[in-house]
Amino acid sequence: MYAPFTTSPLPAQRTGPGGGTGRGFAVVDVETTGLGRSDRVISAGVYQLDPDGEVTDHWYTLVNPERDPGPVWIHGLTSEVLAGAPTFPEVAAEFAERLRDRVMVAHNALFDWNMISREFSRAGLRAPVEQRLCTMVLARDLRLPLPNGKLSSLAAHFGVSQRQAHHALDDARVLAEVFRPSLRLARDGGVPLPLTACVAVTDLGENAPAGPSRGSWSSSYRPARKRPACPYPNPGRWVDGSPLVQGMRVAITGDTATDRELLEDRAIEAGLHIASSVSRLTSLLVTNEPASWSGKARKAREYGTPVVGEDAFLQLLREVAPHPGA
């Protein structure tokens, strides 16, 4: 395990290669007690890159969440390890300087942004990030031949070795190393960078209803809401690189950074069908943890159902194609 050290409301938008990157990029990974709104950051790694994607600095810290650390079998950070670590308010100033005036880059960036933003909000501060870039979305825009959206698959594609998966510093290093050639491909191919405006999160999840332990990676249970039937027949599976089409059956599993009902409402308003389970007819599964053992994720792997992260799904929702029979 690495020892901690220190070294010296807009729509999503796409800019020309290199445009709007300010001082460069802050490649970020955080480990957390879980995936829910009330979960906490327990470690953070940041690699600072210049506008050309070259590493200029890096930083790592443990964070004492002052609560159960959650899935220790994933991140390896026990209560004993975290007991002597600083709390988030104690590292907030240093963390902020690592992010300031840079585009935040992360794998499934919406999740990392929301976790970070909530921690700053709890400390009475705002994370100094105006734009984020999701490497899952960039990989899709570059049409990289990846079998799935995992960081390990992106790393394997570029020949980058993972030394310690689910360690914030090593995951940030891996992401920095795969981002540099991705940035070069985008510039050489004229592919706009998928920059998304960052809106500060104010819903801290402190009043979330009781449910499964928030130290788990499963969703809170809630009563199903009766929704009108989708008026469009299912046009089939989503194909990577293509837009979503009205009538597609979309299933969502696991906790989401966006409120689940709001996410479902946006999908339904776009003309999609929200499926309560995964079958051979499911067009797409949305999950922040594709390797999870939830029933939907297992079925998706069994049927070969396409899977995307939440940030990529929100991008797709912006350009849903009309149903061919409409």
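Residues numbered from 1 in each chain as written. Predicted model: local features only at pLDDT ≥ 70, side-chain atom pairs only at ≥ 80, totals over all residues. Heavy atoms only, no water.

What to know about helix α3 (residues 88–99)
Rules: Classification of residues uses two cut-offs on accessible area relative to the type maximum, computed with a 1.4 Å probe and protein chains only: under 20% is buried, over 50% is exposed, and between them is partly exposed. The helix count covers DSSP runs of H or I at least four residues long, the strand count covers runs of E at least two residues long, and both are numbered beginning at the N terminus. By arc we mean the arc of the directions from the helix axis to the C-beta atoms, nothing more. Contact definition: two residues touch when any of their heavy atoms are within 4.5 Å.
Every buried residue of α3 is listed here: F88, V91, A92, F95, A96, R98 and L99. For α3, the buried positions fall inside an angular range of 155° around the axis, keeping them on one side. What points out from α3, more than 90 degrees from its buried face, is the exposed set E90 and A93. If you follow the buried residues of α3, they end up packed against β1 (25–32), β2 (41–49), β3 (55–62) and α4 (109–122). Following α3 by one or two positions, D101 adopts a phi angle in the positive range, close to 60°.

What to know about helix α7 (residues 168–189)
Formally: To estimate how far a helix should reach, multiply one less than its number of residues by 1.5 Å.
With 22 residues, α7 should cover 32 Å at 1.5 Å per step; its first-to-last C-alpha distance of 31 Å lies within 8% of that length. Looking one or two places after α7, you find G190, whose phi comes out positive at around 70°.

Examining the environment of A156
Structurally, A156 can be placed in helix α6 (residues 151–157). Of the residues examined, A156 reaches a relative accessible area of 57% and is grouped as exposed. C-alpha of A156 to C-alpha of L146: the two residues are 10 residues apart in sequence and 9.1 Å apart in space.

Here we look at the packing of aromatic side chains
Let me state the cut-off plainly: Put simply, two rings from Phe, Tyr or Trp (the six-membered ring, in Trp's case) pair if the centres are within 6.5 Å, and we call them stacked under 30 degrees between planes, edge-to-face over 60, tilted for the rest.
Within the structure shown, the criterion is met by five aromatic pairs. Measuring from centroid to centroid gives 4.9 Å for F25 and F179, while their planes differ by 70°, and the two rings are edge-to-face. Residue F25 is located in strand β1, and its partner F179 is located in helix α7; the two are separated by 154 residues in the primary sequence. By relative accessible area, which is 0% here, F25 ends up buried.

Observations concerning the packing of α3 against α4
Defined as follows: Angles run from 0 to 180 degrees between N-to-C directions of axes, and those axes are lines fitted to C-alpha atoms, restricted for helices to the stretch in contact. Roughly parallel means an angle under 35 degrees; roughly antiparallel, over 145; roughly perpendicular, 65 to 115; everything else is oblique. Crossing handedness is defined as follows: a turn of the near helix away from the far one that is anticlockwise and smaller than a right angle gives a left-handed crossing, while the clockwise case is right-handed. Residue polarity follows a fixed list, in which Ala, Val, Leu, Ile, Met, Phe, Trp, Tyr, Cys and Pro are nonpolar, Asp, Glu, Lys and Arg are charged, and the others, Gly among them, are polar.
At a minimum axis separation of 10 Å, α3 and α4 run at an interaxial angle of 125°. The angle between α3 and α4 falls in the class oblique. The interaxial crossing formed by α3 with α4 has left-handed handedness. The segment α3 lies against α4, with F88, A92, F95, A96 and L99 engaging I116, E119 and F120. Looking at the contact of α3 with α4 residue by residue, the class counts come to seven nonpolar, no polar and one charged.

Remarks on the pattern of salt bridges
Spelled out, the test is: The working definition used for a salt bridge is a side-chain nitrogen of Lys or Arg within 4 Å of a carboxyl oxygen of Asp or Glu.
One pass over the structure, following the stated rule, counts 13 salt bridges. As a salt-bridge pair, D311 and R132 come within 3.5 Å of each other at their nearest N and O atoms. With a gap of 179 residues between them, D311 in helix α10 (residues 310–317) and R132 in strand β5 (residues 131–134) connect regions that are remote in the sequence. Note on D311: relative accessible area 4%, which makes it buried. The salt bridge partner of R140 is D141, with a shortest N-O separation of 3.0 Å. Judged by relative accessible area, R140 falls into the buried class, the value being 15%. Taken together, the shared-partner salt bridges in this structure form one network comprising R40, E119 and R122.

Some thoughts on the pairing of strand β4 (residues 103–106)
The side chains of a regular strand alternate between the sheet's two faces. For the record, the criterion: At least two bridges found by DSSP between two strands are what make those strands a pair.
Taking every second residue as pointing to the same face, both faces of β4 are buried, with V103 and V105 on one and M104 and A106 on the other. Of the pairings in the sheet, the one linking β1 to β4 comprises three bridges and is parallel in character. Each bridged residue has a counterpart across the sheet, and for A26 the counterpart in β4 is M104. Examined bridge by bridge, β4 and β5 share three bridges and lie parallel to one another. What sits directly across from A106, in β5, is C134.

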